[in-house]
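# Geometric and topological summary
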Amino acid sequence: LDNIGKVRSRGLDFSGKIQHAFSPDLWIILNGTFTYNKATYMSLEEASDTPEWQRKTGHEISQQVGYIDQGLFRDAAEVAAAPKQNGQYGPGDIRYRDVNNDGIIDIKDAVHIGFPETPRITYGFSGFINYKGWEFNFAFQGSGKRGFFINPVSISPFYGGRNVLQAIADDHWTEENQDPYAFWPRLSTQIEENNSQKSTWWMRNGAFLRLKSAEIGYSLPKEVCRKLYLSNLRVYLSGTNLLTFSKFKLWDVEMGGNGLGYPIQRVYNVGVQLDF
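Presented here is an overview of the structure given in this document. (Residues numbered from 1 in each chain as written. Predicted model: local features only at pLDDT ≥ 70, side-chain atom pairs only at ≥ 80, totals over all residues. Heavy atoms only, no water.)

## Overview of the pattern of salt bridges
Summed over the entire model, instances satisfying the criterion amount to 10 salt bridges. Here Arg 120 makes a salt bridge to Glu 60, at a shortest N to O gap of 2.5 Å. With Arg 120 in the loop between strand S8 (111-113) and strand S9 (121-131) and Glu 60 in the loop between strand S2 (26-44) and strand S3 (64-66), the pair connects residues that are 60 residues apart, well separated along the chain. Judged by its relative accessible area of 16%, Arg 120 falls in the buried class. Between Arg 186 and Glu 192 there is a salt bridge, and its shortest N-O distance comes to 3.4 Å. Residue classification places Glu 192 among the buried positions, given a relative accessible area of 12%. It is possible to trace a salt-bridge network through shared partners that takes in Arg 74, Glu 78 and Arg 95. (Salt bridge = Lys/Arg side-chain N within 4 Å of Asp/Glu carboxyl O. Helix = DSSP H or I, 4+ residues; strand = E, 2+ residues; numbered from the N terminus. Buried < 20%, exposed > 50% of the residue type's maximum accessible area, 1.4 Å probe, protein only.)

Listed below in structure tokens is the structure:
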């Protein structure tokens, strides 16, 4: 079978700049960019036995396919009454929806879920403000209409001698806490295949807005500098990755599905610039 089809990509790209002087002592520069893009399969030659809910036509190129979760099994009675799932599973494991109602959970029950992993929206804005000897600049960046999936294999506790993330220690299923929507299924020293499937259970909103950089500085007046035998003296305080606004709180949202990776660093700088 050849993958023969058509893709439609539509988008919007905008950028703008405002520069204005209110007086010789006060002026500003503001910049902004905004990009929206959506690439969709218009038609695609697919296998004739592909279920309707798995066909790519009409869906975005980078949208993922996975299972729909129905929480965690509370007890053995729920396990016995539910459609049969692959592999070993029991109370505290993820329960999946039987989409085609055949009494078995398998690949035919996977559907298109969540936003695509490639963001539809990327944007940023920055500014520079000058008032007499004071300067302030900032830059924000962000993305929207993007999803990602936590990779449970990458953060599973105990496996390979791995420690337990605080989020898992604080909120996981136990016989004493049979919460069907605890963050983590039952604990295990091995990778549980049933709980490692791509599904809505691990799906998260990847949209964010980050204060990428900011700096405030002050330059002494020229007449003061001359008395100090300097042509310029400037002090400043700056920082990068200072703030992040996101619905995802477990770790830095730009790390995606692996919370044990190397995070983006927050950096502060204090400096003095001298020119003779």
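So that's the structure; there's more coming.
## Looking at the sheet that holds strand S15 (residues 267-275)
Read from one edge of the open sheet, seven strands run S1-S2-S9-S10-S13-S14-S15, paired in antiparallel fashion. The open sheet has two edge strands, strand S1 (5-23) and S15, and neither has a second partner. Neighbouring strand axes in the sheet, compared pairwise and without regard to direction, differ in orientation by 10° on average. Sheet topology places S2 next to S9; 11 bridges connect them, and they run antiparallel. What sits directly across from Tyr 36, in S9, is Ile 121. (Pairing = 2+ DSSP bridges. Axes fitted to C-alpha atoms, helices over the stretch in contact; angles between N-to-C directions.)

## Looking at the pairing of S1
Across the 19 residues of S1, zero count as buried, placing the element largely on the outside. Two strands pair when backbone bridges link them, and S1 and S2 are joined in this way by 18 bridges, in the antiparallel orientation. Bridging across to S2, Leu 12 finds its partner in Tyr 36. What sits between S1 and S2 in their antiparallel hairpin is a turn of two residues.

## Notes on the packing of aromatic side chains
Per the stated rule, a full pass over the model turns up 13 aromatic pairs. Look at Trp 134 and Tyr 218: their rings are 4.7 Å apart centre to centre, the planes differ by 45°, and that puts the pair in the tilted class. Separated by 84 residues along the polypeptide, Trp 134 in strand S10 (residues 134-144) and Tyr 218 in strand S13 (residues 208-219) bring together distant segments of the chain. Classification of Trp 134 by relative accessible area gives partly exposed; the value is 45%. (Phe/Tyr/Trp six-rings, centres within 6.5 Å; stacked < 30°, edge-to-face > 60°.)

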